Amino acid sequence: MNKLEKFLMPLADVLTKNRVLIAIRDGFLITTPLLIVGSIFLLIANFPIPGWESAIANVLGPDWTEWFTAVSRASFNCTGLLTALGTGYAMAREFGGDKIQGAAVAAVAFFILMPTSHIATDAEGALVEGATVSGLSFDYIGPNGIFMALICAILGVWLFCYAYKKGWTIKMPQGVPPAVMDSFAALVPSAIVMACAFLIRIVFSFTEFGTMQDFIVAILQTPLEGLGDTLGANLLYTFMCSFLWFFGINGPAVANSVYFIGNVLTAKQLMAFEAGQALPYIFTNPFSNFFTNFGGGGSTLSLVILMVTVCKSKRIKQLGRLSIVPGFFGINEPIIFGLPIVLNPIIIIPFIFVPMINLTLSYWATLADIIPRTTGVSLPWTTPIGFSGWLSTGSWKAAVWQIFLLVLGILIYYPFIKTLDKKYLEDEQKAEANAEEAEEDFDFADLDLSDL
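Predicted model only: the values in this text are computed from it and were never measured. Numbering of residues begins from 1 in every chain and follows the order in which that chain's sequence is written. Only residues with pLDDT of 70 or above have their local features reported here, since the model is predicted, and side-chain atom pairs are shown and tallied only from 80 upward, although totals for entire chains, interfaces and linings are computed over all residues. Note that the side-chain values use all heavy atoms of the structure and ignore hydrogens as well as water.

Caption draft 1: Inspection of the packing of aromatic side chains at higher detail. Centres within 6.5 Å are what make two rings of Phe, Tyr or Trp a pair, Trp counting through its six-membered ring; a difference in plane orientation under 30 degrees is then read as stacked, over 60 as edge-to-face, and the rest as tilted. According to the stated counting rule, one finds 13 aromatic pairs in the structure shown. The interplanar angle of 50° and the centroid separation of 5.2 Å between the aromatic rings of F204 and F215 together place this pair among those described as tilted. Separated by eleven residues along the polypeptide, F204 in helix α10 (residues 187–205) and F215 in helix α11 (residues 212–228) bring together distant segments of the chain. Aromatic side chains F239 and F243 sit 5.3 Å apart centroid to centroid with 10° between the ring planes, which places their arrangement in the stacked category. In this pair, F239 and F243 are both assigned in helix α12 (residues 231–245), four residues apart and thus about one turn of the helix distant. Taken together, the ring pairs in this structure connect F283, F287, F291 and Y363 into an aromatic cluster. Seen from the ring of F95, R19 lies directly overhead, with NZ or CZ sitting 4.1 Å from the centre. We note R315 situated over the ring of Y424; from NZ or CZ to the ring centre the distance is 4.1 Å. Each helix is a run of DSSP H or I of at least 4 residues and each strand a run of E of at least 2, with the numbering of both proceeding from the N terminus. Lysine and arginine charges are scored as sitting over a ring when NZ or CZ, respectively, is within 6 Å of the ring centre and within 35 degrees of the ring normal.

Following this line, the structure appears as structure tokens:
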């Protein structure tokens, strides 16, 4: 354990303090509120109750779903653009540049490198030979543009900040308004980024891919999407999230800064759901959030229920009572640091393996059509068990499956928490016995006031 700690602690420290990884993580977090709100509107338009759509249509008219999907489309069909803006903003913040200008530079570089001329289609969607139309396609500013957006934001804003810090700026005289001064100071660094994007676009126009966007989708994004939708990759991700908690390291905070392919899969899943197409992926973010861990990392809701119901130690029982309500909403820091799970060789075993078992069983259940695939609708990670399964898939079967996994987790956690409970109970009984013995041995006759 000491050797592992010496290896993992510096590695986790590097990952959590790396400015580029922080920018990637925070860039996605900046877009999260927009995606959640868009998901709520889409969920209302496709609420999983029979007869819902026709009932609302009787009140609002036959076109009511179009009103709600317009909101969700504005967020999910633009995930690539939102990623460029969010990550560009976070990169500029981390590297000491102007945050708004960083977001703008990332977005402009993103636009320069994407195709802006497309083959026209007729009313039925068929391609019209020889006819083209200019504009931005949702195929490029949506989920397919996320990797391109990350590259533009990271490299473009880094170059922008580098040029700015080198003093390659236009300096205005004193007395000029600050807004004007900042605008001219960003002129040369912005021109450098845009010129580089311009040259890259020219270079790729002579390749078989035509644009850098198509190159990234074919060479980088598509293979990673295939890898991200495999059981092995997600088991490794789940293991690391739980294992790092053993050393007091926030596992998801470290792993999510590296493993962000789930955001791409989730966005593409939602677009397929919105279009009425077959759902292509299993391992979306809602799947990982709501069918792997219940009550937070390690699926500790099962553990908390045992702490409240079967444990006899006052310490464990009281901690369980304090943690049961937060546990239903996915908050388990009181358990991790209060039980504790950190550096606890007994509880860490089910803490690691229960989520991995949940993930594997849910994967097989999805393949066997026992539960449907998640629709890609983004729900807050604090959504309680039962509701999260139902709303993320549109099926009550997923909610029943969650309860089954919760009970299974209780059975797995039981022998481990009872072992810890027995140890804590013995410690409490010894402490009480020592306190009684000390009280019995105390006698006022032994006091000698002559020394005062």
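From this point, the discussion proceeds with the structure in view.
Caption draft 2: Local environment of a nonpolar patch on the surface. Think of a patch as exposed residues, more than 30% relative accessible area, with no salt bridge, where like charges cluster within 9 Å and nonpolar side chains (Val, Leu, Ile, Met, Phe, Trp, Tyr) cluster within 5 Å. Residue exposure ignores everything except the shown protein chains as possible cover, and the areas themselves are Shrake-Rupley values with a 1.4 Å probe. The rule for a salt bridge is simple: a side-chain nitrogen of Lys or Arg has to be within 4 Å of a carboxyl oxygen of Asp or Glu. On the surface, V325, F328, F329, I331 and W381 cluster together to form a nonpolar patch covering roughly 500 Å² of accessible area. Here F328 lies in helix α17 (residues 314–328). Burial classes: relative accessible area under 20% of the type maximum marks a residue as buried, over 50% as exposed, and values in between as partly exposed (1.4 Å probe, protein chains only). With relative accessibility at 35%, the residue F328 sits in the partly exposed group.

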